[in-house]
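Structural overview
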Amino acid sequence: MQIFIPLALIGWIPACLVLFLLFPWRRALQIAIIVSWLFLPSAGLNISGLPDYTKTSAFSYGIILSLMILVPDRFARLKPSWMDLPTSIFVLCPIVTSLANDLGLYDGVASANGNLTYIGLPYLIGRACFDSARDIRNLGVAIAVGGLIYVPLCLLEMAVGPFLSVKIYTIYAHTEVRLGGFRPRVFLNTGLELGLWMAIACFISIWLWRVGVLKRVMGIPFGSILLPILIVTTLLCRSSGATFLLGFTLSILWLSARMNRRVLMVLWTLACFAYIGVRVGNYWDYNGLITFLAKNFSEDRAQSLEFRFQNEDILIAKAVQRPVFGWGGFGRSRVMDEYGRDISITDGLWIIMFGVFGTVGVLSFLMISVLPCLVFIRKFPARRWFEPDVGSLAALVGSITLYLGDIMFNGFSIMPILVGAGALSSVLRLPTVYFSDGADFTDAFSRDLPGTTPLELAPAEEKMAARYIDLARGFRQSGDFESAAGARRHAYDLLAGLADSGRETPSGRRRRLDCANDLAWLLAVRPDPAPSDREEAVDLARMATEGDPNSPTYWNTLGLSLCRVGAFEDAQAAARRSMELDEAWNGFDLVVLALTDARLGRKADAAPWLAQAVRWRDDQGASDPVLDELIHETESALAG
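The rules behind these values
Along each chain, the written sequence defines residue order, and numbers are assigned to residues from 1. Residue-level local features of this predicted model are given only where pLDDT is at least 70; pairs of side-chain atoms are given and counted only at 80 or more, and the full residue set underlies all totals for whole chains, interfaces and linings. Values shown for side chains rest on all heavy atoms present in the structure; no hydrogens or waters enter the calculation. Counting from the N terminus, the helices are DSSP H or I runs at least four residues long and the strands are E runs at least two residues long. Atoms considered for the radius of gyration are the C-alpha atoms alone. The globule rule reads 2.2 Å times the number of residues to the power 0.38. A simple rule labels every residue: compare its accessible area, found with a 1.4 Å probe on the protein chains alone, to the largest value its type can have, and call it buried under 20%, exposed over 50%, or partly exposed in between. Whether two residues are in contact is decided by their heavy atoms, any of which lying within 4.5 Å being enough. Here the Shrake-Rupley method, with its probe set to 1.4 Å, supplies the accessible areas, and only the displayed protein chains count as covering residues. Note on scores: pLDDT gives the predictor's confidence for each residue, bounded by 0 and 100. Here an axis means a line fitted to C-alpha atoms, over the contact stretch when the element is a helix, while the angle between two N-to-C directions is reported on a 0 to 180 degree scale. Any angle between 65 and 115 degrees counts as roughly perpendicular, while under 35 counts as roughly parallel, over 145 as roughly antiparallel, and the rest as oblique. Two helices cross in a left-handed way if the nearer one is turned anticlockwise from the farther one by less than a right angle. They cross in a right-handed way if the turn is clockwise. In this classification, Asp, Glu, Lys and Arg are treated as charged, Ala, Val, Leu, Ile, Met, Phe, Trp, Tyr, Cys and Pro as nonpolar, and every other residue, Gly included, as polar. Aromatic rings from Phe, Tyr and Trp, with only the six-membered ring used for Trp, were paired whenever their centres fell within 6.5 Å, and each pair was classed as stacked if the ring planes differed by under 30 degrees, edge-to-face if by over 60, and tilted otherwise. Salt-bridge detection follows one rule: a side-chain nitrogen of Lys or Arg within 4 Å of a carboxyl oxygen of Asp or Glu. A helix is expected to reach a length of 1.5 Å times the quantity of its residues less one. Two axes define the bend at a residue: one fitted to the seven residues ending there, one fitted to the seven starting there, and the bend is the angle between them. To qualify as a nonpolar core, a set must consist of buried Ala, Val, Leu, Ile, Met, Phe, Trp, Tyr and Cys residues joined through side-chain atoms within 4.5 Å.

This part covers the overall build of the protein chain. Regarding its fold elements, the protein chain presents 26 helices and six strands. A compact globule built from 640 residues should have a C-alpha radius of gyration of about 26 Å, and the protein chain, at 28 Å, falls within 12% of that. Dimensions of the protein chain along its principal axes, counting C-alpha atoms only, are 95 × 55 × 45 Å. Residues counted as buried form 54% of the 640 residues belonging to the protein chain. In the protein chain, once contacts between residues fewer than 6 apart in sequence are set aside, the share between residues at least 24 apart is 71%. Roughly 26800 Å² of accessible area belongs to the protein chain as shown, and the carbon and sulfur atoms make up 61% of that amount.

Glancing now at the confidence of the model for the protein chain. Across the protein chain, the average pLDDT comes to 85, with 93% of residues at 70 or higher. When mean pLDDT is compared element by element in the protein chain, helix α5 (residues 85–100) scores highest at 95, while strand β3 (residues 177–178) scores lowest at 66. When the criterion is pLDDT under 50, residues 431–454 qualifies, and its contacts beyond four places in sequence or with other chains add up to 60 contacts.

Axis separation between helix α22 (residues 552–564) and helix α23 (residues 568–581) bottoms out at 8 Å; the angle between their running directions is 160°. Comparing the axis directions of α22 and α23 gives the class roughly antiparallel. You can see that α22 and α23 cross each other, and the crossing is left-handed. Counted together, Pro 552, Trp 555, Asn 556, Leu 558, Gly 559, Leu 562 and Cys 563 of α22 and Phe 568, Asp 570, Ala 571, Ala 574, Ala 575, Arg 577, Ser 578 and Leu 581 of α23 form the full contact between these two elements. Broken down by class, the residue content of the contact of α22 with α23 amounts to ten nonpolar, three polar and two charged.

A few words on the packing of helix α11 (residues 240–259) against helix α12 (residues 263–281). Relative orientation of the contacting elements α11 and α12 amounts to 150°, with a least axis distance of 8 Å. If you check the angle between α11 and α12, you find them roughly antiparallel. Contact residues: Leu 245, Phe 248, Thr 249, Ile 252, Leu 253, Leu 255, Ser 256 and Met 259 in α11; Leu 264, Met 265 and Trp 268 in α12. Here the contact of α11 with α12 is built from residues that sort into nine nonpolar, two polar and no charged.

To continue, consider the packing of aromatic side chains. Two numbers describe a pair of aromatic rings. These are the distance of the centres and the angle of the planes. Under the definition given, this model contains 20 aromatic pairs. Each ring, one from Phe 90 and one from Phe 365, has its centre 5.6 Å from the other, and the planes form 45°; the classification is tilted. Of this pair, Phe 90 sits in helix α5 while Phe 365 is found in helix α15 (residues 349–379), placing the two residues 275 residues apart along the sequence. Each member of the pair, Phe 90 as well as Phe 365, is classed as buried. For the ring pair Trp 284 and Tyr 286, a centre distance of 6.3 Å and an interplane angle of 70° mean the geometry is edge-to-face. Tyr 286 gets classed as buried once you look at its relative accessible area, which sits at 10%.

Looking now at the pattern of salt bridges. If you walk through the whole model with that rule in mind, you get 18 salt bridges. One salt bridge connects Arg 279 with Asp 313, and the closest N-O pair in it is separated by 2.9 Å. With Arg 279 in helix α12 and Asp 313 in helix α14 (residues 299–319), this pair connects stretches of sequence that are 34 residues apart. On the accessibility criterion, Asp 313 (28% relative accessible area) is partly exposed. Put simply, Arg 602 and Glu 569 hold a salt bridge, and the shortest N to O gap is 3.6 Å.

With 31 residues, α15 ought to run about 45 Å at 1.5 Å a step, yet its terminal C-alpha atoms sit only 29 Å apart, falling short of that. At Phe 357, α15 shows its strongest bend, of approximately 135°. Most of α15 sits out of view: 24 of its 31 residues are buried.

Turning to the nonpolar core, a few remarks are in order. Grouped together as the largest cluster of nonpolar side chains are 138 residues, with contacts concentrated most on Tyr 150, Trp 197, Phe 376 and Trp 385. Broken down by element, the residue count for this core peaks at 17 residues, all from α15. Ignoring sequence-local partners within four residues, the contact set of Trp 197 consists of Ile 34, Trp 37, Leu 38, Ile 143, Gly 146, Gly 147, Tyr 150, Leu 188, Ile 414 and Pro 416. Of all hydrophobic cores here, the second largest spans 52 residues; its members include Ala 465, Leu 471, Ala 537 and Ala 541.

Written out as C-alpha cells, the structure reads:
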C-alpha cells in the first residue's frame, strides 16, 4: 500500500528529531544524512495550497528543524561568505525568472522554495555543521559506510530484479537487464542514480583508504575485505557512465597528487563549463564519437548517447530563446509539436536548469559545487592530497567533480554531495584551514616519556601531529586562538586516526590524550569562543580522563570546561578529583571550586577557596591571564 510513502516522508521529521535526542548531534547528523538519502521513498506528496513535499524536502526539513530545535547555536555562529553567493543567486533566481515571464510573484516564490529545499538547505546544513577536516572526514566515512550498507541490497536486486521499492513503497520499478543481469535501484529513483551513488561511495572509500584514514569498519579490515566487495558491487551495478567517471576521476586525482600538479584537477573541475559552452555554441560534431563507440564498444550504448545528444540539441535551441533567466516552470522550456505534445526528453541536469532558469540559474547552480573545489585546489599543493588530513578534503572534492561530470548527462541530485559542497565552503573560507602548507617545523614532542617510543621511530602521522602542535603553540603565542585551535585539532585527528587503524604506539596514545586535553583547555579558555567550542572542550576533556583516569591534569581541564558550560556540580567533582590525585594543589582547581560555589550561591564556601587561589598565584611569582580572569570573575560573582 502506498500509505507507507506519506508515513515515511512525514514521519521522517519526528524520527530525525528523536535521532538527534538519542545521539550526540554530530553523530546524529551523519546518520540522518545517509539514512534519509538511502531509505526514504523517491516520491512526493501533493498538498493543496502548499509546495510539493518530496524526498528532498523531507531530507532538508528533518535535519534543519532538528538542528534549529536542539543545536540552534550552529546557525547563530554562521557568518556570510563570498562563497555563499552562488547559492543565494540560485535560490532567488526563480523569482526573477517568473516575473520576467509574467508568471507572477507567487509562482516565483514557490519555485524559489523548491530550489531552497533542493539545493539551498542541504548546502546550509554543510555550512552550519562542519568546522574542520575532521568533520569532512567523518562525512566521507559516513558516505563510504552508506555504500557498504547498500551492498547486500544491490546484490539481492541483481539476483531477483528491483523489488524493494515495489514491496515497501508500492513504487513501480522498471526492470532493466544489462550485461546479462538485473540493474538494481533499491530505494533510489532509477538504476542510473544508484550507479552514481555507488560510484561516489566507492570513490571516497578508495581515496580515504589510500591516505590512511579508513582502515577498519566495525572491526573488519577495510582495504583487504570491505573495499574489494564495494568495488565489485559498484561494477555489477552495470552503470557504464558512472563506472567510467569513477575510474577517470580517480586517475585524475591520483596523477595530480603523484606529479604534484594541480592543472589536471582544475581542468576536470571546469570541464562542465567547457562542455556547456561547446554544446550551446554548437562547436562540436558528436557523430564521430557515436561512430567510434558503435564500432569499438556497444552499438546500443552509442545509440542511447546519440539520442541524448539529439534531445539536447532541440532543448538548447529552445533555451537560447530566453538565455538570461530562462522560461520558468509549467513545462515552458520543453519542445512541443504542432499538436502540443512534448517531443523532448531531458536527461542532463544542466539542460534542465538552463531551460528553466537560463544562464544565471545554470551557472549559479554549477558554481555552488565548482567554487569550493577550486578554492581547495588553490589552497593546498597537490603533493599534500596523499596526506590523511588534506586527503579527506581531496576525497570530497573528487567526488564532487565526479558528480559534476554525471549531471552533464543525467538529472540526479545527490543530497550528501550538496551537503559536502557546503561543508567545504565552511572549512575553506577560514584564512587558516587547520593545516600548514608544508612549512618546516621542529619536533613538538621533544620531551619523550620514559619507556615510550622516541619520536624519530614513531609512525609518520605521529610525526606530522608533532609539527601541527608546534604550529599551534606558535599561533597561541601570537594571540591567534582560531588558528591555534585548528592546528591542534588537526594534530588530534592524526593521532586519533592511528588509534582507529590499530597502529597506535604507547607513546602515541599518551600524545593523543595530551593533545585532546590541550585542545580542550584551549577551547575552554580562548577569549572569543565559538558557540560550540566549550561543549567540544567538555567532550575532549572527558575523553582524556576516560583514557587516563589517574591524571590530575586531565581532571583539572575537565573541571574548568564543565564550569564554562554551567555544569557547576560536575565541575566541582572534577576539580576535587584533580586535587585528590595531585597533593600539590594548583590555583586553577582552587578557583574552579570558588567560582562554582559562587555561581551556586554558596558564597561562604567560595571565599576560602578564592583566598587560596589568590595565595597560590602570588606564590608562583608570575601572573597567568586565564587564572587572573577566573579570579576576577569569582570576585565579581561574590560581590554581586
